[in-house]
Structures are given as C-alpha cells and as structure tokens.
Amino acid sequence: ELSKTGWLLDITKLTLGEQIGEGEFGAVYRGEYMGQKVAVKIIKCDVTAQSFLQETTVMTKLQHKNLVRLLGVILHKGLHIITELMTKGNLGNFLRTRGRSVINSVQLLHFALNVCEGMEYLESKKLVHRDLAARNVLVSDDSVAKVSDFGLTKVDSKEPDKAKLPVKWTAPESLKKEKFSTKSDVWSYGILLWEIFTYGRQPYPKMSLKEVKEKVEEGYRMESPESCPPNVYSLMRLCWEQDPRRRPGFSKLREKLEQEMIQGTDRD
Ligand code: ATP
C-alpha cells in the first residue's frame, strides 16, 4: 500500500548523520533525504515493525502545521521512519535546559497554543493520541511546537495495553475503565500545560504512581505553577474535571488560549 502511494522512500537517497535521540524501539538520527534535512528513526526489531507500519499509515493521513510531518518509510534492515527534522528536540528538554531566564511567558503560551491546534486537528479527525506529554512534543528550528509519537494513536477507543500507560498523564477513567477519548487527551493536555508552565518539571513531584492514582481519584489536583497566569491555571483545572463530559474540547481550549494571548500581551 505504501509503495503505491509514494510513501516508500529510496535508501540510496538517504545520508545518515549523528544520533540525536533514543526511543524504546530504536535510535533517532539526523539525516538528509534528497537535500532535505530529516530525522530517521530506525526500528530494530521485526516484531514491532508491523505496529510501526500501522503508526505510519495513520501518519500518512495527517497533515497539519502542528503535527510532526512524516515524509515516508524505508524498508531496509528493519524499518526506517523518516520525518521532518525538529532541531530543538523535545519540548520537555527544551524548557528544562533553557528555563525562565531565556523563555518568557508569551513563548510558553505559544507552545501551549501550538499543541492545542495540533490536537484540535486530531480531534476533528476523531483520532485519540493517548500519549500526549511534553516528551512527545518536538520543537522546530523556528520554535514551533508539534505533536509527535503517534504510536498509541487509535481511531477507536478500545484495545488498551494497561501496563504501559503513562499514569501521571492518563485520565482517571482511562486508568480505571480503560476508556480513551478526545476528552482523555484533554486531561493529558492539562498535565502538559502544567509541564509547560513549570518549565518541564515532573508532574506530581515526589508522589509515587500508586499515590497519584489514589489521590487523583479522591479529587486531589496539582497546584498552580509559580507565576502561571490564573486563566491558564483555570484551564488546567477544567481539563482535570473528573467527569470527561465536563472537560472542554480542544476548540474551546484554543479560543481561551487565544484570548489569554491577547490579554497577556496587553498587560505587558
Ligand atoms: P518510543 O515511544 O517509540 O519509545 P520515544 O517517545 O521514547 O519513542 P522517540 O520518538 O523515539 O521517543 O524519540 C526519541 C528522541 O529523539 C526524542 O525525545 C527527540 O529528542 C528525538 N527525536 C525524535 N524524533 C525527532 C525529530 N523528528 N526531530 C528531532 N529529534 C527527534
């Protein structure tokens, strides 16, 4: 199917550069494909190649300025996944290494809005990401944040693999009843907002996964990050409504963030 649609690329046109990352299933390298700078993820194992082909099939159907773009795949000694190169790496590292002295709150709002728009697009396609977190958002050369890692993305909300769930980012109903939806992505987005406004801190600092599960179920929520705009913290709390139906959708969140962007720049 991929070869017919032009997603199958030619290994002889690829130049591999240095390694820039490491994932669970393989390493990520800098590279060049027909003059374009790219990232190359090389999946080692055949067993997993199948599921990654599935991931890339999802990705071929998605095009948005805030989603990391797939250029194609190469079947050569395992699977090569070729995507646009995001030179500033993942958002978590980006924020931690630069910090408050370099990145201002307007830039933070930009990142929040970038991710929200990417997710609004996924929402419109009725796709559920399931693993939204700062580590799965990448930053381009011109500092645009884009959603990446569609490995767990599913069209429907079933087939969970419970042991692997990122507990601190996963909505209570997904942990308990394995129910995933756009609204469980919205919960994760709230955690991601918290990560952004703490410059990449680990959520629920000092709490064990067991504690997080129990406390969150009882209604515990993280406090506002230091010097986070109150309106942004209110959005986090809406994302963390226990009842998924009471959480806003990504379109609503985008509207609110755009308002905050205008008001915030007026205040400065
Ligand atoms: P997996 O869930 O498959 O184990 P992962 O979430 O651990 O993956 P990868 O997506 O494999 O991480 O990427 C690992 C790291 O490589 C990222 O955190 C990022 O720093 C870097 N990386 C991945 N893709 C790109 C890209 N397109 N451009 C630049 N760097 C990338």
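You'll find the structure just up there.
Trainee: Explain the packing of helix H6 (residues 182-197) against helix H8 (residues 230-239) to me, please; I cannot follow it from the model alone.
Mentor: Geometry of a packed helix pair, given as the angle between the helix axes and the separation of the axes. Close contact between H6 and H8 brings their axes to 8 Å; oriented N to C, the two are set at 150 degrees. By the angle class used here, H6 and H8 are roughly antiparallel. For the element pair H6 and H8, the recorded crossing hand is left-handed. Contact residues: H6 offers Val 186, Trp 187, Tyr 189, Gly 190, Leu 193, Trp 194 and Phe 197, while H8 offers Val 232, Leu 235, Met 236 and Cys 239. For the contact of H6 with H8, the class distribution of residues is 10 nonpolar, one polar and no charged.

Trainee: For this particular structure, what's the right way to read the pattern of salt bridges?
Mentor: For side chains bearing opposite charge, pairing can occur when the charged atoms are close. A complete count under the given rule lists 14 salt bridges for this structure. Two residues, Arg 30 and Glu 18, come together in a salt bridge whose shortest N-O distance is 3.3 Å. Separated by 12 residues along the polypeptide, Arg 30 in strand S2 (residues 26-33) and Glu 18 in strand S1 (residues 14-22) bring together distant segments of the chain. Judged by relative accessible area, Arg 30 falls into the partly exposed class, the value being 33%. The salt bridge partner of Glu 214 is Lys 210, with a shortest N-O separation of 3.2 Å. Taken as a pair, Glu 214 and Lys 210 lie in helix H7 (residues 209-217) at a separation of four residues, close to a single helical turn. Accessibility expressed as a relative area gives 41% for Glu 214, which makes it partly exposed. Because the salt bridges share partners, they merge into one network encompassing Glu 120, Arg 254 and Glu 258.

Trainee: Help me understand the sheet that holds S2 in this model?
Mentor: Consider a sheet: its strands pair through backbone hydrogen bonds, and that pairing is either parallel or antiparallel. Taken in spatial order, the five strands line up as S1-S2-S3-S5-S4 in an open sheet, and their pairing is antiparallel. A strand with exactly one partner marks an edge of an open sheet, and here the two such strands are S1 and strand S4 (70-75). Each neighbouring strand pair of the sheet contributes to a mean axis angle of 30 degrees, computed without reference to strand direction. Pairing between S4 and strand S5 (residues 79-84): five bridges, direction antiparallel. When the sheet's bridge partners are listed, Leu 70 is paired in S5 with Thr 83.

Trainee: Which parts of the structure should I look at to understand the packing of aromatic side chains?
Mentor: Two aromatic rings are characterised by how far apart their centres lie and by the angle between their planes. Tallied over the full model, the rule gives two aromatic pairs. Their ring planes at 85 degrees and their centres at 5.7 Å tell us that Phe 94 and Phe 111 sit as a pair that is edge-to-face. Separated by 17 residues along the polypeptide, Phe 94 in helix H3 (residues 91-98) and Phe 111 in helix H4 (residues 105-124) bring together distant segments of the chain. Classification of Phe 94 by relative accessible area gives buried; the value is 5%.

How each quantity is defined
Residues numbered from 1 in each chain as written. Predicted model: local features only at pLDDT ≥ 70, side-chain atom pairs only at ≥ 80, totals over all residues. Heavy atoms only, no water. Axes fitted to C-alpha atoms, helices over the stretch in contact; angles between N-to-C directions. Helix = DSSP H or I, 4+ residues; strand = E, 2+ residues; numbered from the N terminus. Parallel < 35°, antiparallel > 145°, perpendicular 65-115°, else oblique. Left-handed = near helix turned anticlockwise from the far one by under 90°. Contact = heavy atoms within 4.5 Å. Nonpolar A, V, L, I, M, F, W, Y, C, P; charged D, E, K, R; others polar. Salt bridge = Lys/Arg side-chain N within 4 Å of Asp/Glu carboxyl O. Buried < 20%, exposed > 50% of the residue type's maximum accessible area, 1.4 Å probe, protein only. Pairing = 2+ DSSP bridges. Phe/Tyr/Trp six-rings, centres within 6.5 Å; stacked < 30°, edge-to-face > 60°.

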